[in-house]
Amino acid sequence: RQRLPRTAKNVCNTLLALAETSGVLPEVFESLCWAAVAKMQDSNARNVANMFRAMVEISWVLPEVFDSLCRAVAAKVQDFDAQNFASTARIIQAL
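So, here is what we can say about the structure in this document. A quick note: this is a predicted structure, and the numbers were derived from the prediction, not measured.

Description of the pattern of salt bridges
And then number 1: Inspection of every chain in the model, using the stated rule, returns 2 salt bridges.
And then number 2: With a shortest N-O distance of 3.0 Å, R53 and E20 are connected by a salt bridge. Taken together, the residues span a long stretch of sequence, with R53 in helix α3 (residues 45-58) and E20 in the loop between α1 (8-19) and α2 (26-38) at a distance of 33 residues.
And then number 3: Classification of R53 by relative accessible area gives partly exposed; the value is 31%.
And then number 4: Between R53 and E57 there is a salt bridge whose closest N-O contact spans 3.9 Å. Residue R53 and its partner E57 are both found in helix α3; the two are separated by 4 residues, about one turn of the helix.

Below, the structure written as structure tokens:
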């Protein structure tokens, strides 16, 4: 059994790094997505944007994960700066 990264930032960064490679195993990506969802309360705007970006990079979206990320954006909207808004909007549009 694999150990998942412990922090929200590490989970999101791992997802993004895997998505940018060509050999992502769907079951690993899915496990990391769910780990990130579980840590969303500890995530910042950048982590949420990186999660969306990872899904765009791999061209694979889990509807439940997408819904959770959208709720995280709504809950953290007061923490977003202009760059976070622009990045997240561009990424969601690409999905």
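Points about a nonpolar patch on the surface
And then number 1: There is a patch of nonpolar side chains on the surface, built from V61, I92 and L95 and spanning about 200 Å² of accessible area.
And then number 2: Tracing the chain through its elements places V61 in the loop between α3 and α4 (63-76).
And then number 3: Given the relative accessible area of 33%, V61 is considered partly exposed.

Things to note about the packing of α2 against α4
And then number 1: Interhelical geometry of α2 versus α4 gives an angle of 25° and a closest axis separation of 10 Å. The angle between α2 and α4 places the two elements in the roughly parallel class. Both α2 and α4 take part in a crossing whose hand is left-handed. On α4, the residues touching C33, W34 and V37 of α2 are E64, V65 and S68.
And then number 2: Grouping the amino acids of the contact of α2 with α4 by side-chain chemistry returns 4 nonpolar, 1 polar and 1 charged.

What counts, and at which threshold
- Residues numbered from 1 in each chain as written.
- Predicted model: local features only at pLDDT ≥ 70, side-chain atom pairs only at ≥ 80, totals over all residues.
- Heavy atoms only, no water.
- Salt bridge = Lys/Arg side-chain N within 4 Å of Asp/Glu carboxyl O.
- Helix = DSSP H or I, 4+ residues; strand = E, 2+ residues; numbered from the N terminus.
- Buried < 20%, exposed > 50% of the residue type's maximum accessible area, 1.4 Å probe, protein only.
- Patch = residues over 30% accessible without salt bridge, like charges linked within 9 Å, V, L, I, M, F, W, Y side chains within 5 Å.
- Areas by Shrake-Rupley, 256 points an atom, 1.4 Å probe, with all protein chains shown as cover.
- Axes fitted to C-alpha atoms, helices over the stretch in contact; angles between N-to-C directions.
- Parallel < 35°, antiparallel > 145°, perpendicular 65-115°, else oblique.
- Left-handed = near helix turned anticlockwise from the far one by under 90°.
- Contact = heavy atoms within 4.5 Å.
- Nonpolar A, V, L, I, M, F, W, Y, C, P; charged D, E, K, R; others polar.

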